[in-house]
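Breakdown of the fold
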Amino acid sequence: MNRIISVFLFLTALLLNSSMGQTTFQKKYGGTISKQGLFVQKTYDGGFMIAGVSNSLAPNWTVSGILIRTDSLGNLLWSKVLNGMNRGILAMKQTQDSGTVVLGCDIQTIAYDVYAYTAYIIKLDRTGAIEWSKNLASSEITLYFIVQGIAQTDDGGFIVAGVINMDYEFHAILAKLNKDGDLEWKKLYSPTPINGEDVIQTADGGYLLLGDSYGGASGNLYLIKTDHDGNVILSKSLQGQFGARLLKTHDGGFAIKGMNYVNGSYTSFISFIYKLDANLILRWAKTYNVTFTLLNYLPRSFLETRDGGFLLTWNSFNVAGTDSTGDIIWAKQYGQEIGRASCRER
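Residues numbered from 1 in each chain as written. Predicted model: local features only at pLDDT ≥ 70, side-chain atom pairs only at ≥ 80, totals over all residues. Heavy atoms only, no water.

Once that is clear, we can look at the overall build of the protein. Across its full length, the protein holds 1 helix and 24 strands. Expressed as a percentage of the 346 residues in the protein, the buried residues total 57%. Within the protein, contacts between residues separated by at least 24 positions form 44% of all contacts whose residues are at least 6 apart in sequence. (Helix = DSSP H or I, 4+ residues; strand = E, 2+ residues; numbered from the N terminus. Buried < 20%, exposed > 50% of the residue type's maximum accessible area, 1.4 Å probe, protein only. Contact = heavy atoms within 4.5 Å.)

Below, the discussion takes up the pattern of salt bridges. One pass over the full model with this rule turns up 13 salt bridges. For Arg126, the salt bridge is made with Asp45, and the minimal N-O distance between the two is 3.9 Å. Of this pair, Arg126 sits in the loop between strand E7 (114-124) and strand E8 (130-135) while Asp45 sits in the loop between strand E1 (33-42) and strand E2 (48-56), placing them 81 residues apart in sequence. Among the residues examined, Asp45 registers a relative accessible area of 45% and is labelled partly exposed. Each of the salt bridges in this network shares a partner with another, and the network as a whole consists of Asp45, Arg69 and Arg126. (Salt bridge = Lys/Arg side-chain N within 4 Å of Asp/Glu carboxyl O.)

Another aspect to go through is the nonpolar core. Ranked by size, the top nonpolar core spans 16 residues in total, and within it Leu103, Ile121, Leu136, Phe145, Val147 and Ile150 carry the most contacts. Going through the elements one at a time, strand E6 (100-111), E7, strand E9 (145-152), strand E10 (158-166) and strand E11 (169-177) are the ones with two or more residues in this core. For this core, the leading source of residues is E10, giving 4 residues. When neighbours within four sequence positions are excluded, Ile121 is seen to be in contact with Val101, Val102, Leu103, Trp132, Ser133, Lys134, Leu136, Ile150 and Leu177. Of all hydrophobic cores here, the second largest spans 13 residues; its members include Phe272, Tyr274, Leu276 and Leu280. (Core = buried A, V, L, I, M, F, W, Y, C linked by side-chain atoms within 4.5 Å.)

This next bit is on unusual backbone geometry. The backbone of Ser98 sits at a positive phi, close to 70°, despite the residue not being glycine. By the element assignment, Ser98 lies in the loop between strand E5 (89-94) and E6. Although it is not a glycine, Leu280 sits at a positive phi angle of roughly 65°. Tracing the backbone shows Leu280 in the loop between strand E19 (268-276) and strand E20 (282-293).

Let us look at the sheet that holds E9. On the basis of which strands lie adjacent, the open sheet formed by 4 strands has the order E9-E10-E11-E12 and antiparallel pairing. Looking at which strands have only one partner, the edges of the open sheet turn out to be E9 and strand E12 (183-189). The sheet shows a mean angle of 25° between the axes of neighbouring strands, direction not considered. Alignment of E11 against E12, held across 6 bridges, turns out to be antiparallel. Within E12, the position partnered with Leu174 by the bridge is Lys187. (Pairing = 2+ DSSP bridges. Axes fitted to C-alpha atoms, helices over the stretch in contact; angles between N-to-C directions.)

Dropping the structure here:
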């Protein structure tokens, strides 16, 4: 029997249409393979781009990244399976030329209990044709390199955040790429954070890196502000175990969505939002007592609405909207499908 896990694009549509989460349309994309939607972005022409993971069924059981492109009503325009990404797509951004850039990771077993993690970045045009694909590993990074956050830079290139293992030590990394995906420079940050989760370019041309210490019981979040070349200007620590997403907010400040373990459990989590001003001073923090379990991927979807509030999602398709101070004004659950909800505002 074919198992179909639906990509719930209707979550995107309902958030665009109403501050209270009414559904405007609902689409499912399935077939002879299992698909899990991880990210949704609204495209410049009013359609949608969905990124996720595709699992073929027995006997092969292969896992790949997948992109699905639709029109404004969710009708399928094209889909693309990206092989060599057996962790699925870890980040996605629409590019200035209306194309898409995605980050992924391939894991290979090289010995018993020894695995090689290879990071990839792929650039596609608006029709889904691959323009270039880069393996971001180098001779210095042979066993472990995962990229998790990406932003397009003012010069048309890209800044990538991730984590590497060099000499059996973990380091957060920023890598600057040109418009063709070629490496311009990379910087490592240690001893903390050891995990780079997300990155944005700041108004002065520098970068802001969100990192964490891999969710240990006494872990922290870290913000590192750098100049244009990745040199540290300042750093700041915040209480929290996992950092998931970093946003520039309309008021010139920043917002972080993160997660904490529930009562020491390593499988149950609750979310929080931190709001910071332009100087990285914490203005407020809110914790949301919606417990969710980690299935395969951290629930990273998070955005600011036009009125200064926020939208955030959890597993089991829980969606919530907050006001500008982080207080929940509505919350809904849509279905019981396995997967992770995503949201994107136009």
